[in-house]
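# Per-entry structural report
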Amino acid sequence: MTESIAPLTARVVFRKQVSDGNYGSEVAEVSFDVDADDAYEASEAVIALALENARKLVHDELSRSPSANVRRALERPKPVSDEAWAAAERSAEYELAAGKRDNARDDDDPEDLPY
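A brief look at the structure comes next. Because the structure is predicted, anything quoted here is derived from the model rather than measured. (Residues numbered from 1 in each chain as written. Predicted model: local features only at pLDDT ≥ 70, side-chain atom pairs only at ≥ 80, totals over all residues. Heavy atoms only, no water.)

As a further point, take the overall build of the protein. Of regular secondary structure, the protein possesses 3 helices and 2 strands. Along the protein, helices (α) and strands (β) appear in the sequence β-β-α-α-α when read from the amino end. Per-residue burial for the protein yields a buried fraction of 16% across its 115 residues. Partitioning the intrachain contacts of the protein with sequence separation of at least 6 by distance along the chain shows that 54% fall at a separation of at least 24. Carbon and sulfur atoms make up 51% of the accessible area of the protein, which totals about 10,000 Å². (Helix = DSSP H or I, 4+ residues; strand = E, 2+ residues; numbered from the N terminus. Buried < 20%, exposed > 50% of the residue type's maximum accessible area, 1.4 Å probe, protein only. Contact = heavy atoms within 4.5 Å. Areas by Shrake-Rupley, 256 points an atom, 1.4 Å probe, with all protein chains shown as cover.)

Note that Asp20 resides in the loop between β1 (8-19) and β2 (25-36). This buried residue, Asp20, is left without a salt bridge; Arg72 holds the nearest opposite charge, at 11 Å. For Asp20, the side chain forms a polar contact with the main-chain nitrogen of Asn22, separated by 2.8 Å. For Asp20, the contacting residues outside a window of four places in its chain are Ser25, Ser67, Asn69 and Val70. (Lys, Arg positive; Asp, Glu negative; His and termini not counted. Salt bridge = Lys/Arg side-chain N within 4 Å of Asp/Glu carboxyl O. Polar contact = N/O pair within 3.5 Å; in protein donor to acceptor, adjacent residues only side chain to side chain.)

Time to look at the pairing of β2. Alignment of β1 against β2, held across 12 bridges, turns out to be antiparallel. Within the sheet, the bridge partner assigned to Val18 lies in β2 and is Glu26. Between the end of β1 and the start of β2, which pair antiparallel, lie 5 residues, with Gly21 showing a positive phi angle near 80°. (Pairing = 2+ DSSP bridges.)

It is worth spelling out the pattern of salt bridges at this point. Within the structure shown, the criterion is met by 4 salt bridges. Taking the shortest distance from any N to any O, the salt bridge between Asp33 and Arg11 comes out at 2.7 Å. A residue pair is termed long-range when its members are at least 10 positions apart, and Asp33 in strand β2 and Arg11 in strand β1 qualify at 22 residues. Taking the relative accessible area as the measure of exposure, Arg11 reaches 59% and is therefore exposed. A salt bridge links Lys56 to Asp60, with the shortest nitrogen-to-oxygen separation between them at 2.7 Å. Here Asp60 and Lys56 lie together in helix α1 (residues 44-62), a separation of 4 residues that amounts to about one turn. Owing to a relative accessible area of 52%, Lys56 belongs among the exposed residues under this scheme.

We now examine α1. A rise of 1.5 Å per residue sets the reference length of α1, with its 19 residues, at 27 Å; its end C-alpha atoms lie 27 Å apart and thus fit the reference within 8%. Within α1 the residues assigned to the buried category are Ala50, Ala54, Val58 and Leu62. With its buried residues spanning 100° around the axis, α1 presents them on a single face. Every exposed residue of α1 that faces more than 90 degrees away from the buried side is listed here: Ala45, Glu52 and Lys56. Contacts from the buried residues of α1 go to β1, β2 and α2 (68-73). (Expected span 1.5 Å × (residues − 1). Arc of directions from axis to C-beta.)

Phi angles above zero are rare outside glycine, and Tyr23 is one such case at about 65°. Topologically, Tyr23 is positioned in the loop between β1 and β2.

No statement about biological role is implied by the geometric values presented.
See below:
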């Protein structure tokens, strides 16, 4: 007796909700059912590709929103250059040194305390 095995189904859902900045939000959701005759066909790569496609569709839809706040929320952050990162590190080091210098001063005069 041959036993039939039911096909495997994997559901992929991607949903994104973005605030419009006016006490409201916009939502887009895409859902795919990935059917396969066996577990080998429904591999992680196939499911990951379906999720990637769902994400792209949702982002494409929300990026056409009439709300500038919604469109702005979907923008990817701009990468920080190595020079900008180095400048930020130097600035933080200067701030830390200034704080240490101020803390090292002996200014424990009670007349200087704010009331």
